[in-house]
Protein chains: 2
Amino acid sequence: MQLAKPLARLVAELEKLPGVGPKSAQRLAFHILRVSEDEARALAEAILDVKERIRTCPVCFNFTDQELCEICTDPKRDRSLLCVVAEPRDVVAMEKTNEYRGLYHVLGGVISPMDGIGPDALRIRELFARLSEGTVREVILATNPTIEGDTTAMYIAREIRSAFGNKVRVTRIAHGMPVGSDMDYADQATLIQALQWRREI
Amino acid sequence: MQLAKPLARLVAELEKLPGVGPKSAQRLAFHILRVSEDEARALAEAILDVKERIRTCPVCFNFTDQELCEICTDPKRDRSLLCVVAEPRDVVAMEKTNEYRGLYHVLGGVISPMDGIGPDALRIRELFARLSEGTVREVILATNPTIEGDTTAMYIAREIRSAFGNKVRVTRIAHGMPVGSDMDYADQATLIQALQWRREI
């Protein structure tokens, strides 16, 4: 038996989503068949709406439905601090801490020669244009603690130093043991980083 | 920081899907923002289309985009065999075996007093109307091997016997050890069932 065509098509579309395999695509499709017409319509319209109304902030490249994003226009933000992240989702993660009160710059990825992504594919030129305005005193490099994330951070740090010398401080978020984790279960790479990043207390 | 409204709305809609928590709803939403306009539109339209075009087969209550479903209208199907399942997805599972060549009857759930679902909430009356036509010789009860599934099977078996005596054979799919599983890891309930369902070889 084939699934009825509209159902098979929905399953195929759902399977394209990240982390959705054939089995869960089918489960989601059957769920959508079960919910009310209104509920299904709300989902479909939210998808269309997000594509229509969400744009990229021309200053920090975070997602926004305004001309400039809420963070860039917030007068309470510390404009001397700039946190550089790879993706808009990293802004969300950082904001959830309620700890950071500066601005952001979203690179749109990380340097990855394997995938053919060099510095020019990222918004590094735009970062330097912002730094040239002279307001930023510290750049916090908050790319992932992965090979690509570290490479990208190193690259940007070097470029900033060569362009701005010590007028701009460049820092990197710490690599170490996650809070609540167990030494015994830590992977070797994390433990090595935790040792290298140690400081006096 | 709040997510931009259209984005927050999409995350909220995605979170209503089964097995999609806040974290994966956000991941899916960011994915949808990243894909092309066309790809997002294909997903949204598939959702709308499935609601518009998929209906319930008036004979077996499986999903279909035809007047009667493909299985009910297939002349090669054995009309003397009727497999009773709880949900349309169970038809898909059964069809994947390529082993069963009879017809189906989808109950639309199982008896569950805890959720206030009694026999009247299921398509049991419709099942009996089909059996009254006199073509079906065997009813295979293929509800899940759970308390509710077993209760539903027992209830239907009793009702069929009292209405049709031995004119209709009533069988239940076997409960036992899944193929490829390990005795050592089997849960007690499965092992008990596997013992009770044993047969001579």
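Residues numbered from 1 in each chain as written. Chains lettered and ligands numbered in written order. Predicted model: local features only at pLDDT ≥ 70, side-chain atom pairs only at ≥ 80, totals over all residues. Heavy atoms only, no water.

**Concerning the interface of chain B and chain A**
For step 1, the next point in the chain: If you look at the interface, chain B gives 54 residues, while chain A gives 54 residues.
For step 2, the next point in the chain: Both faces combined, the contact of chain B with chain A buries some 5,100 Å², and carbon together with sulfur accounts for 70% of it.
For step 3, the next point in the chain: The interface formed by chain B and chain A holds 2 salt bridges in total.
For step 4, the next point in the chain: Counting every contact that joins chain B to chain A gives 10 residue pairs in polar contact (both at pLDDT 80 or more).
For step 5, the next point in the chain: Going through the elements one at a time, α1 (5–15), α2 (22–34), α3 (37–53), β2 (63–64) and α4 (88–96) of chain B are the ones with two or more residues in the side of chain B that touches chain A.
For step 6, the next point in the chain: The leading source of residues in the side of chain B that touches chain A is α3 of chain B, at 15 residues.
For step 7, the next point in the chain: When grouped by side-chain class, the residues that make up the side of chain B that touches chain A number 29 nonpolar, 7 polar and 18 charged. (Contact = heavy atoms within 4.5 Å. Buried area = accessible area lost by both parts, 1.4 Å probe. Salt bridge = Lys/Arg side-chain N within 4 Å of Asp/Glu carboxyl O. Polar contact = N/O pair within 3.5 Å; in protein donor to acceptor, adjacent residues only side chain to side chain. Helix = DSSP H or I, 4+ residues; strand = E, 2+ residues; numbered from the N terminus. Nonpolar A, V, L, I, M, F, W, Y, C, P; charged D, E, K, R; others polar.)

**Some words on the sheet that holds strand β6 (residues 169–172) of chain A**
Residues and elements named next belong to chain A.
For step 1, the next point in the chain: If you walk across this open sheet you meet the 4 strands as β4-β3-β5-β6, and the pairing is parallel. What marks the edges here is a single partner per strand, and that holds for β4 (102–106) and β6. Across the sheet, the mean angle from the axis of one strand to that of its neighbour is 25°, orientation sign disregarded.
For step 2, the next point in the chain: Pairing of strand β5 (residues 138–141) with β6, which is carried by 4 bridges, proceeds in the parallel orientation. Paired with E138 across the bridge in β6 is R169.
For step 3, the next point in the chain: Across the sheet, helix α4 (residues 88–96) touches β3 (78–85) and β4, and the angle it forms with β4 is around 155°. (Pairing = 2+ DSSP bridges. Axes fitted to C-alpha atoms, helices over the stretch in contact; angles between N-to-C directions.)

**Some details on the domain arrangement of chain A**
For step 1, the next point in the chain: Taken domain by domain, chain A comprises domain 1 (5–53) and domain 2 (76–196).
For step 2, the next point in the chain: A separation of 35 Å is found between the C-alpha centroids of domain 1 of chain A and domain 2 of chain A. (Domains from an automatic or database assignment.)

**Topic: the sheet that holds strand β4 (residues 102–106) of chain B**
Residue and element names in this part refer to chain B.
For step 1, the next point in the chain: Ordered in space as β4-β3-β5-β6, the 4 strands form an open sheet in which the pairing is parallel. Strands with a single pairing partner mark the edges of an open sheet, and in this sheet they are β4 and β6 (169–172). Mean inter-strand twist for the sheet, computed between neighbouring axes without regard to direction, equals 25°.
For step 2, the next point in the chain: Strand direction decides the pairing type here: strand β3 (residues 78–85) and strand β5 (residues 138–141), joined by 4 bridges, are parallel. Following the sheet pairing, C83 is matched in β5 by I140.
For step 3, the next point in the chain: This element, helix α5 (residues 124–132), spans β3, β4 and β5 of the sheet and lies at about 150° to β4.

**Details of the relation of the copies chain B and chain A**
For step 1, the next point in the chain: Superposing chain B onto chain A takes a rotation of 179° plus a shift of 0.1 Å along the axis, which leaves an RMSD of 0.1 Å. What we have between these two chains is a two-fold relation. Distance from the rotation axis, computed per C-alpha, reaches its smallest value in chain B at A44 of chain B: 2.2 Å.
For step 2, the next point in the chain: Taken together, the interface assignments show that 100% of the residues at the interface of chain B recur at the interface of chain A, consistent with an identical surface on both copies. (Least-squares fit on C-alpha atoms with pLDDT ≥ 70 in both.)

**Thoughts on unusual backbone geometry**
All names here are of chain A.
For step 1, the next point in the chain: For F61, which is not glycine, the phi dihedral falls at a positive 70°.
For step 2, the next point in the chain: Inspection of the secondary structure puts F61 in the loop between β1 (55–56) and β2 (63–64).
For step 3, the next point in the chain: With relative accessibility at 13%, the residue F61 sits in the buried group. (Buried < 20%, exposed > 50% of the residue type's maximum accessible area, 1.4 Å probe, protein only.)

**A few points about the pattern of salt bridges**
For step 1, the next point in the chain: The tally for this structure, following the rule as stated, stands at 18 salt bridges over all chains.
For step 2, the next point in the chain: Its salt-bridge partner being D65 of chain A, residue R53 of chain A comes within 3.9 Å of it at the nearest N-O pair. With a gap of 12 residues between them, R53 of chain A in helix α3 (residues 37–53) and D65 of chain A in the loop between β2 and β3 connect regions that are remote in the sequence.
For step 3, the next point in the chain: R53 of chain A gets classed as partly exposed once you look at its relative accessible area, which sits at 41%.
For step 4, the next point in the chain: One connected set of salt bridges, linked through shared partners, spans R9 of chain A together with D49, R53 and D65 of chain B.

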